[in-house]
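Single-letter residue listing:
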Amino acid sequence: MTSLSTEDEVEARLRDIGARRYHRLHPFHHLLHGGRCTKGQVQAWALNRYYYQAMIPIKDANLIARCDDPALRRNWRSRLVDHDGEGEHDGGIARWLKLTDGLGLDRDYVVSLRGLLPATRFAVDAYVRFAREKTLLEAIASSLTELFSPEIISERLDGMLENYDFVSPDTLAYFVKRPPQAARDSDFALAYVKRHARTPQMQQAVFGALEFKCDVLWAMLDALHYAYVAPKHVPPDAFVPNE
């Protein structure tokens, strides 16, 4: 039987998981941030990542629907506003579409999801299902990859602006807005899981949830690398860069 960890030990374990498993370590991200991707590879990344961005509010709405604590619902619903916005041209999803527009992708094609890699769809759908079917504690813990996102966003902004002449600060507006939102959300989620993981089994479930979410993000980049970097086996009907 695993012994009960202190809250500080739980946080240290969570941060260790991120240090070892977060997708900023993936070879595709090193290529992307180092200026070694073609425009078509950047397009493929943005197109596939759109599905993840678009499904985050669905995931969060499912989570909110399971909460019987009004205070938790009030806190979590800010995430819906962050992604969906207060209007059609506001919010994270709209800013992500500004990125795909700036990369020369047809917006109707992006939103249609016709060009998705199958593995992208499977990974994102698995995350939505995880948040809907696992315990509320595990669903909240799975969001803790946001603990590590400010660093990767900083690398992405600096690297892409420095290395690609087909992006601009306006194109990358999504990444300017996101770090303070992620910091706010991860602070809340971290405090929640440390406070509510009251048994060794619950603490292990929290660690497993974060590992699962890291696996989702890693699998998405594995699929991009396989299809667009090496060996360049693009699945049927998936996006094919015009290069």
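Residues numbered from 1 in each chain as written. Predicted model: local features only at pLDDT ≥ 70, side-chain atom pairs only at ≥ 80, totals over all residues. Heavy atoms only, no water.

Q: So what exactly am I meant to see when it comes to unusual backbone geometry here?
A: With glycine set apart, most residues show a phi of negative sign, and most peptide bonds adopt trans. Residue proline 231 is bonded to the preceding alanine 230 through a cis peptide linkage, with omega at 5 degrees. Note on placement: proline 231 falls in the segment after helix H11 (200–228). Backbone geometry places aspartate 237, a non-glycine residue, at a positive phi of 75 degrees. Within the secondary structure layout, aspartate 237 lies in the segment after H11. (Helix = DSSP H or I, 4+ residues; strand = E, 2+ residues; numbered from the N terminus.)

Q: Mind showing me how you'd approach the packing of helix H7 (residues 118–133) against H11 here?
A: Each pair of packed helices gets described by two things: the angle between the helix axes and the distance between those axes. Between H7 and H11, the least distance of the axes is 8 Å, while the angle of their chain directions is 165 degrees. The pairing of H7 with H11 is recorded here as roughly antiparallel in orientation. Between H7 and H11 lies a crossing of left-handed hand. Side by side, H7 and H11 meet where Ala119, Thr120, Ala123, Val124, Ala126, Tyr127 and Phe130 of the first sit next to Ala209, Phe212, Lys213, Val216, Met220 and Ala223 of the second. For the contact of H7 with H11, the class distribution of residues is 11 nonpolar, 1 polar and 1 charged. (Axes fitted to C-alpha atoms, helices over the stretch in contact; angles between N-to-C directions. Parallel < 35°, antiparallel > 145°, perpendicular 65-115°, else oblique. Left-handed = near helix turned anticlockwise from the far one by under 90°. Contact = heavy atoms within 4.5 Å. Nonpolar A, V, L, I, M, F, W, Y, C, P; charged D, E, K, R; others polar.)

Q: Could you clarify how one ought to interpret the environment of methionine 55 in this entry?
A: Along the chain, the position of methionine 55 falls in helix H3 (residues 39–65). Apart from the residues lying within four places of it in its own chain, the contact partners of methionine 55 are Val124 and Val128.

Q: So what exactly am I meant to see when it comes to the environment of leucine 172 here?
A: You can see leucine 172 is positioned in the loop between helix H9 (149–163) and helix H10 (173–196). Look at leucine 172 and you get buried, because its relative accessible area is 1%. A sequence separation of 11 residues divides leucine 172 from leucine 161, and the C-alpha atoms of the two residues are 8.6 Å apart. Those residues in contact with leucine 172, other than ones at most four positions away along the chain, are Leu99, Leu157, Met160, Leu161 and Val167. (Buried < 20%, exposed > 50% of the residue type's maximum accessible area, 1.4 Å probe, protein only.)

Q: Honestly, the side chain of threonine 171 in this entry has me stumped. Any pointers?
A: With respect to the helices and strands, the residue threonine 171 is situated in the loop between H9 and H10. Among the polar contacts made by the side chain of threonine 171, one reaches the side chain of serine 168 at a distance of 3.0 Å. Excluding residues within four positions of it along the chain, threonine 171 makes contact with Lys98, Leu99 and Gly102. (Polar contact = N/O pair within 3.5 Å; in protein donor to acceptor, adjacent residues only side chain to side chain.)

Q: Teacher, can you tell me more about the pattern of salt bridges here?
A: Where charged atoms from two side chains of opposite charge come close, those side chains can pair. The tally for this structure, following the rule as stated, stands at 16 salt bridges. Between glutamate 151 and arginine 24 there is a salt bridge, with the nearest N and O atoms lying 3.4 Å from each other. With glutamate 151 in helix H9 and arginine 24 in the loop between helix H1 (7–21) and helix H2 (27–33), this pair connects stretches of sequence that are 127 residues apart. Residue classification places glutamate 151 among the partly exposed positions, given a relative accessible area of 46%. Between arginine 132 and glutamate 133 there is a salt bridge; the shortest N-O distance is 3.8 Å. The exposure class of glutamate 133 is exposed, given its relative accessible area of 56%. (Salt bridge = Lys/Arg side-chain N within 4 Å of Asp/Glu carboxyl O.)

Q: Just checking my understanding: could you explain the side chain of serine 149 for this structure?
A: Within the secondary structure, serine 149 is located in helix H9. Those residues within four positions of serine 149 in sequence are excluded, and the remaining contacts are Tyr22 and Ala182.

Q: Looking at this structure, how should I read the packing of aromatic side chains?
A: Two descriptors summarise a pair of aromatic rings, namely the distance from one centre to the other and the angle between the planes of the rings. By the definition in use, this model includes 13 aromatic pairs. For the pair tryptophan 96 and tyrosine 174, a centre-to-centre distance of 5.1 Å together with 85 degrees between the ring planes defines the contact as edge-to-face. Of the two residues, tryptophan 96 sits in helix H5 (residues 92–102) while tyrosine 174 sits in helix H10, which places them 78 residues apart along the sequence. Grouping residues by exposure puts tryptophan 96 and tyrosine 174 together as buried. Plain terms: the ring middles of tyrosine 109 and phenylalanine 239 are 6.5 Å apart, the flat faces sit at 45 degrees to each other, and that makes the pair tilted. (Phe/Tyr/Trp six-rings, centres within 6.5 Å; stacked < 30°, edge-to-face > 60°.)

Q: Looking at this structure, I do not really get empty space enclosed by the protein. What am I missing?
A: Here the idea is plain: a probe the size of a water molecule rolls over the atoms and shows the empty space left. All told, the structure shown has 3 cavities of 30 Å³ or more when counted by the stated rule. What the largest cavity holds in volume is close to 310 Å³. Lining the largest cavity we find 25 residues, and of these Arg49, Tyr52, Glu146, Tyr174 and Arg178 sit closest to its centre. Listed by contribution, the elements that provide at least two residues to the lining of the largest cavity are H3, helix H4 (70–84), H9, H10 and H11. Among the elements that take part in the lining of the largest cavity, H3 stands out by supplying 6 residues, more than any other. Here the lining of the largest cavity is composed, by residue class, of 10 nonpolar, 6 polar and 9 charged. Estimated volume of the second largest cavity: approximately 60 Å³. (1 Å grid on protein atoms, 1.4 Å probe; cavity = no way out; pocket = protein on both sides within 12 Å on 5 of 7 lines; lining within 4 Å. Points joined across faces, edges and corners; volume = space filled by probe spheres on them.)

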